[in-house]
Amino acid sequence: MAPLSLSPSSLLLYETLTLTSLMRRNSRWASGSAVARSLSRPELAGEMGLRRGNSGLGGSGSSGSVRKDKGLEREEEAVAYEALVRLREEVEGEEDLSSFTAVTILGPFLTLLTSPRTPGPLTSVVLSSLTKFLTYRLFAPTPLAVSQLVAAVTHCKFESSDSTSDEVVLAKILEVMKEIVCGPTGDYMRDEEVCAIVETGLSMCCQMRLSEMLRRMAERTMQAIIGKIFEKLSSMEPNEDAFVTLDGIGTPNPEAGGLRMAAPDPRGEDILAQDRVIASVNGVADDKSTKEQAPEEESTAPVDEEEELHISFRQYALPSISEILRVIISLLNPFDQQHTDSMRLIAMGILNVALEVGGEQIGRFPELRIMVEDGLCKHLFQIARSDNPTMLSASLRTISTVFDTLRPYLKLQQELFVSFLLDRLIRPLPFASAVAAKPTLRKSEVERELDYATWDSENAPSALTNGGSMTPQSTGASANAPIKLNERVSKDIAHGEARDLMFEVVSIFARGKTFMPDLFINYDCNVECEDLFDRLVRFLCRGVFPSHSGGHYMQDNSQLLALDTVLTFVSHMGNRLDLPTNTPTGEEANLPSPVDLLASKGDKAILREGALRFKEKPKEGLRFLEENGVIYFDPERPRNESLAMFLKTTPGLDKKALGEYLARPDQNELLVAFLRQFDFRDKFVHDALRDLLETFRLPGESQQIDRITEAFADIYFAADPPEVKSTTAVYVLAFSVIMLNTDLHNPQNIKNRMSFEDYKRNLRGVNEGSDFSPDYLKTVYDEIKKREIVMPEEHHGQLGFEYAWKELLRRARTSGFYLSSNSGVYDKLLFVVSWRPLISSIGYAFTHFQDESMIQRVITGFRQCANLANRFEMPEAFDYIITTLSKISGLTQGASIPDVFPSATVEGQKVTVSPLSIRFGTNFKAQLAAVVLFTITNNTGVCIREGWVDLFEIYQTLFVHSLLPSSMLAMEEFLSGDTAIPLRPKSQAQYASDRRADGGLLSTLSSYLLSPYGTADGLGRDINEEDIENTLCTVDCIASCKVDEVYSQMFVMASEAKLNALSALLSLLQKNTFEKIKIRTSPSTPGRETPTPSGNHRSQLPYEASTALLLEILFSLSVRSEEVLPTTWSQIFDLLTRLLMSSQALSILLTERAVVGFLKLLTVIAKIPNLKDQVLLSFDLLRQLPPPVINALAEQIAVGVDRLVRDNPGLIETGTDWNLVFALLTTTINVEEGAKVAMDLTRTLIAQEDGKDRLTEENFIAVVEMLESFANVSGGGMSMMNTGQMSTESSHARGMQAVELLREVQERIPGLMKKSSLPEAEAWEVFWLPLLMSTASECVNSNRPIRQYAVGSLQRSLLAPQILENPTVDLSIIFDRVLFPTLDELLKPQVFRRDASEGGMEETRLRFCGLLSRIFLHYLVEVEGRLGMGRLTELWMKVLGYMDRFMHSGRRDQMFEAVPESLKNVLLVMHASGFLVPPFEKERSEVQALLWDSTFERIDTFLPNLKTELFPVPPPPPTTTEVVEEKAKQADLKEG
């Protein structure tokens, strides 16, 4: 209020002067009679001692009836004028009005205001004066004054002139009413006065004959007045003035008394509250006569009357507010024909203000709250179905305000409304014809198909089969929500402006901080409610996608609105992550825990699944529910009773299926138990049937109906109903009610509907021979006629809505409180349900939306989703984010065989210009996606599972296009330290066995034509400045991504994260190798055999640098992840096994990287106790590599094995282990570099260092065999000697070193035998025999120096004292396993031809033959002594056999001569030793005789004269005669 500069008395004086002056100018007062009347004061006559006549000062009076009536009218006019004059006189000279009561000041003005003869202009001036008085607080208000003021304003009377002037008066009345209520006078108003003002204002708002402008003014005034009135609720306490009794359906009960306002009539004649009766709270009636009393008389009322009214005064409170709310709500009834849409719009506008001001307070008053819960929501929801955009907009606005202020009390109403909006906003399916052909399609099925059409398209089943009919693809719980008001798909899908309005409301709701969590808590986890959160999230996410094809680049408003809502929801969850704690406190401490909610949601899913199965097959559904503990869980309760309670109280069961199941003949006991769940006491039969038939749908077959009715009759009659005498009577009466209900409410039977007389006639004598009373039947008939018994799922439209609304109110009594939380404790549950559609919609917006501010929010949304997935430990969501951003970036599609791209140098920086770098540099969104991707993956590797696949694919792409940071390109080498992974091999080498001679021009052309960049799209042109600039943009973007940081963090992640990364690497490697091999080697035509990779060089894959990169990452990560190797080793080993077994189908460079990495990994495996044996398995695997591969990788293999053996002394322990090691090393000695490493390791094992022996019993045989292999290689014993991979000189030198080392090994044998725990004989065989055999094998080496050294070394070894002087040695073994096999080899022609030089192998034969003889002679005595003559004879026979063979095998001039000479020596020695005793010698034993006979029996076969030559038979001794004769001869000679 502006300050008043003028004194109050002056203002009042000016206003009275203005009125009196105006009255004098009016013809009614211009005659002077009124003025004269005002001057003819009785007190003046008394003072002067005169008596006044009727004529007054102006002349004589008149007579007659006409004059009398006119006199009365003029009397009233004079009174009004006189009151004003008197007030002016009293005010003159007064400085202050404090001595004047409000009644005194207002009286004259109110008199004019209520006079019907007051002209309109004068009334307008009076109202202006009143407005000033109220505005400037001219008087102190009192209850009486305010009561009179309200009565005068609301019952204002004036003479009408023209419509414009009249509306000016009405406008000023509105202004005065506003000032009365909104000013200080409002505190002195009673309930009646408030109702009178509101009634007057509503009447002016709704009066259609008034101008639009005035009605709008009246509407704004009423909004201000209602706002002020509802403000009072905040200062009121519940139950204050709670005398208004409600009947439970949201309207005051007229029988309880109280205020009663009349609803405005838009076509009525009265605008103001003319003669309406308003009951007084104080019990005093203000009837018409009271209202029309002259204000002057009222103003002259005694002061004590005013004080009495003040004492009994009671300020307006809940009664008037309740009545006002009731009237406004009644205006919204869409089925009340008296009320127009304009009135409903006005009412909704006023309601908005009331709710905005006092909405939250309304909830504290049950009297008001129940009107909102029932009448207001019901009417508003029905109006929201209007096609009128104005009505729809207003209703949605009001509904939004209702829920914003009273949501805690409108739990089920909100469920209905949100579900209704989603049904109306559901997007038309692409297969709309299928929907039209399938009107019974459930909304959940449609929504599922829409999901398939957006983010789930990769998993979408075929929606249309059998000529366009839709087949449901899921029978899960989510596909079959409980039957609600809008269960079937709404055919009335909103379009155009209506859709936009509804979408905005949904968006406003969903953007609330707690709205989405509250939906989940109150509905999704409630068995009786829909999954509103899930539906809403999916709807909003679908809204981001275009509703029609071709709309990807221009987004409509709904798409932007949907995206904004989605991002706001994500933002709310993200912001709650920053709260100090996610533990609910205060009021939220009573909320259910997430565990309890999950359990409730699980129970809901089970119940829905059971309901679905019950609908299809009731027994199967009940069995499912029993298995899950839903029914029959109480063993003490009868099964039928337990099941009946479940069937009656469980929502979601199909009512038709339930009715049919209960009506089965075998379920009679269940039916009885079901009926006993009802309380039929004191209920009429129609009410009992109504209660019963609302729980299931009555079957259609008469027998089924009969069974249900019969059971009902028994149960109902047991409740002792009035009027009914038997169960039969109940049975007939129940049937009659069902038939009556059908007859009266059948829309096809309008003309021939049953009358009451017909109904009564049909029931004659059925009550045990008597009739039911007419009153009883009349009650039944009227109730059925008035309100139909609605069968579930049978009615739609208004009737169905009424039934469903009744069910909603019934459920609301037991639905519990509306729970709300903003603590974030439930956000994980929300994100689990919604992450896939959220990320999909955000990803789509990122790709297709153009608004930069929205793109910025989308980026924030991605980061917040990543934070949520990270905090809630949801790797599947994090992976989806990575996959989405990877696809947007386009960096997962360029990993292929790299071509040679041009390069350019810019400011000293060399950049490679490739098609990808150009394309990526021009795509700003792709760059943004890449930066966001690597930003969210930084330090969050623990959350990544399958997302590693996308990251590694990006690494591949960047690598082949030379965009990967150099720190990621290093690969560890055994030979030359760290080097860079090559993008392409220096030369496309082939394995030696696979080289072709037809490589030339055709191969070059083929490579060019098959190259992915051989066309113009692949940069087949000169690069320009724009290409370089785009490439620099790409380089800068990749640098901003900090790819190397993410890569380096991979090595320090937790074990679980490393396992995920390794799994992704293994998957990619398998895809890049085996799958490609399979494609390349697959038959091109049916029936053609698939060539093996190792048998056809044409099937060999070209070198792929990206695969090599993956291998390096795999090995690098594995080497640094010792803790996870026990878990992943089997998978890695399987991959490497397959890789190496397919090695000839792969590039040699790739195979090399696999082998090197394998060996590098083995160095870590060797240190893990549980995996040590895997090293040996790996050695065996490497040993099986094809020779060409081994020869190509011999040095790497040898170096790797060498390091493993040297760095892990305890790794190789058993002889088997050493055999595997040297078996692998043996494969590498065909190559110079490999042989060097192997020889060095062997020499190290033989040598003693610091007195420590590395040569042990376990590795002795392996070392000896290794040395033998070296010697064999130098002698050409390996097939690769002539491949050009080893020089002859170095090979021969190594061979000589090997045989020399054998000699050194021999010197170590005594010490080894001393340390051995083996028996001496067994130890001899373990140590000596392998050495001797290896040395003997080198006696046939093609290298002459080696042969010669070996023969000499063997001889020295065989003559060593450790053999000859060891009695435990079985010397025959030396012959059988050392000498004789060597002799066999020497006798072979192919061995003989090994050395074609002069002398060659012939010389070796000669030397070895001599060696045999010498060894036999040296062992002769020992063999006979240790083994006996039999064994000696056996060996001797074999020696003779070999001499025979040697004698006839070589040149006749050498072996033929040498063998007999050698044999002679042996025979002579044996004879000298007493082994060969000729028969002519005396004292020969049988054994000697046997040896002699056997020897020469064998020698005679090839040297028949040798015996005679060596052992001639001496002549027999002469006889006596011969002696005499001989002596005689000798004597004769002497004589002669």
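Residues numbered from 1 in each chain as written. Predicted model: local features only at pLDDT ≥ 70, side-chain atom pairs only at ≥ 80, totals over all residues. Heavy atoms only, no water.

Before going further, it helps to examine the overall build of the chain. A tally of helices and strands in the chain yields 68 helices and eight strands. Once local pairs closer than 6 in sequence are excluded, the contacts in the chain between residues at least 24 apart make up 76%. Split by element, the accessible area of the chain, about 68800 Å² in all, is 51% carbon and sulfur. (Helix = DSSP H or I, 4+ residues; strand = E, 2+ residues; numbered from the N terminus. Contact = heavy atoms within 4.5 Å. Areas by Shrake-Rupley, 256 points an atom, 1.4 Å probe, with all protein chains shown as cover.)

On to unusual backbone geometry, then. Of note in this structure, Arg-137 is not a glycine but carries a positive phi near 55°. Here Arg-137 is to be found in the loop between α7 (120-135) and α8 (143-154). Positive phi, close to 60°, is recorded for Tyr-632, a residue that is not glycine. Relative to the elements of secondary structure, Tyr-632 occurs in the loop between α27 (618-627) and α28 (639-649).

The next point concerns the state of the cysteines. Under the criterion given, the structure shown has zero disulfides. Here Cys-1041 is not disulfide-linked; the sulfur of Cys-1037 is the nearest cysteine sulfur, at 4.3 Å. (Disulfide = S-S within 2.5 Å.)

Here we take up helix α41 (residues 924-937). The end-to-end C-alpha distance of α41, which contains 14 residues, comes to 20 Å, matching closely the 20 Å that a straight helix rising 1.5 Å per residue would cover. In terms of burial, α41 is a largely internal element, 11 of the 14 residues being buried. For α41, every residue scored as buried is listed here: Lys-925, Ala-926, Gln-927, Leu-928, Ala-929, Ala-930, Val-932, Leu-933, Phe-934, Ile-936 and Thr-937. After α41 finishes, the residue Asn-939 shows a positive phi value of roughly 65°. (Expected span 1.5 Å × (residues − 1). Buried < 20%, exposed > 50% of the residue type's maximum accessible area, 1.4 Å probe, protein only.)

To continue, consider the side chain of Asp-950. Here Asp-950 is to be found in helix α42 (residues 947-960). Buried within the structure, Asp-950 lacks any salt-bridge partner; Lys-887 is the closest side chain of opposite charge, at an N-O distance of 7.1 Å. When sequence neighbours within four positions are dropped, the list of residues in contact with Asp-950 reads Ile-882, Thr-883, Ser-886 and Thr-892. (Lys, Arg positive; Asp, Glu negative; His and termini not counted. Salt bridge = Lys/Arg side-chain N within 4 Å of Asp/Glu carboxyl O.)

The next subject is the packing of helix α23 (residues 515-524) against helix α26 (residues 594-616). Their axes nearest at 10 Å, the elements α23 and α26 cross at an angle of 50°. Classed by the angle they form, the pair α23 and α26 counts as oblique. Contacts from Phe-520, Ile-521, Tyr-523 and Asp-524 in α23 reach Leu-597, Lys-601 and Lys-604 in α26. Classifying every residue of the contact of α23 with α26 by side-chain character gives four nonpolar, no polar and three charged. (Axes fitted to C-alpha atoms, helices over the stretch in contact; angles between N-to-C directions. Parallel < 35°, antiparallel > 145°, perpendicular 65-115°, else oblique. Nonpolar A, V, L, I, M, F, W, Y, C, P; charged D, E, K, R; others polar.)

Within this structure, the stated rule accounts for 49 aromatic pairs. Between Phe-1375 and Tyr-1419, the aromatic rings sit 5.9 Å apart at their centres with planes inclined by 85°, giving edge-to-face as the arrangement. Placement of the pair is Phe-1375 in helix α61 (residues 1371-1386) and Tyr-1419 in helix α63 (residues 1400-1427), with a sequence separation of 44 residues. When its relative accessible area of 0% is taken as the criterion, Phe-1375 is described as buried. By relative accessible area, Tyr-1419 is classed as buried at 0%. Among the aromatic residues, those joined into a cluster by ring pairs are Phe-381, Phe-403, Phe-417, Phe-420, Phe-509, Phe-515, Phe-801 and Trp-805. Between Lys-648 and the ring centre of Phe-678, over which it is positioned, the NZ or CZ distance is 4.8 Å. Seen from the ring of Tyr-880, Arg-836 lies directly overhead, with NZ or CZ sitting 4.7 Å from the centre. (Phe/Tyr/Trp six-rings, centres within 6.5 Å; stacked < 30°, edge-to-face > 60°. Lys NZ or Arg CZ within 6 Å of the ring centre and 35° of its normal.)

Turning next to the nonpolar core. Formed by 394 residues in total, the largest nonpolar core has its most connected members in Leu-130, Ile-229, Phe-831, Phe-952, Tyr-955 and Leu-1379. With 11 residues, helix α50 (residues 1148-1165) is the largest single contributor of residues to this core. With near-sequence residues (within four places) excluded, Phe-831 lies in contact with Met-573, Leu-838, Cys-865, Leu-868, Ala-869, Phe-872, Met-874 and Ala-877. Counting residues in hydrophobic clusters, the runner-up holds 61 residues, among them Ala-688, Tyr-759, Val-766 and Tyr-776. (Core = buried A, V, L, I, M, F, W, Y, C linked by side-chain atoms within 4.5 Å.)

Turning our eyes to something else, we now look at the packing of α41 against α42. Contact geometry of α41 with α42 gives a least axis separation of 12 Å together with a crossing angle of 125°. One way to sum up the angle between α41 and α42 is to call them oblique. Of the two possible hands of crossing, α41 and α42 adopt the one that is left-handed. Together, Leu-933, Phe-934 and Thr-937 of α41 and Leu-951, Ile-954 and Tyr-955 of α42 make up the contact between the two elements. Here the contact of α41 with α42 is built from residues that sort into five nonpolar, one polar and no charged. (Left-handed = near helix turned anticlockwise from the far one by under 90°.)

So, on to the environment of Gln-1362. Among the structural elements, Gln-1362 can be located in helix α60 (residues 1361-1364). Through-space distance from the C-alpha of Gln-1362 to that of Trp-1328 is 9.4 Å; in sequence the pair is 34 residues apart. Contacts of Gln-1362, omitting those with residues within four sequence positions, involve Pro-1310, Trp-1328 and Val-1369.

Attention shifts here to a nonpolar patch on the surface. Together, Leu-4, Leu-6, Tyr-14, Leu-17 and Tyr-136 make up an exposed nonpolar region whose accessible area comes to about 400 Å². Mapping Tyr-136 onto the fold places it in the loop between α7 and α8. Looking at Tyr-136, the relative accessible area reads 30%, which means it is partly exposed. (Patch = residues over 30% accessible without salt bridge, like charges linked within 9 Å, V, L, I, M, F, W, Y side chains within 5 Å.)

The next subject is helix α29 (residues 655-662). Those residues of α29 that fall on the buried side of the exposure criterion are Ala-657, Leu-658, Gly-659, Tyr-661 and Leu-662. At its buried positions, α29 is contacted by α26, α27, α28, α30 (668-675) and α32 (702-718). Capping the start of α29, Asp-654 holds a side-chain oxygen 3.3 Å from the backbone nitrogen of Lys-656, two or three residues further along. (Polar contact = N/O pair within 3.5 Å; in protein donor to acceptor, adjacent residues only side chain to side chain.)

Scanning the entire structure with this criterion turns up 54 salt bridges. Note that Arg-369 and Glu-373 form a salt bridge whose closest N and O atoms lie 3.5 Å from each other. Of this pair, Arg-369 and Glu-373 both sit in helix α17 (residues 366-383), four residues apart, which is roughly one turn of that helix. Salt bridges linked by common partners bring Glu-212, Arg-215, Arg-216 and Glu-219 together as one network.

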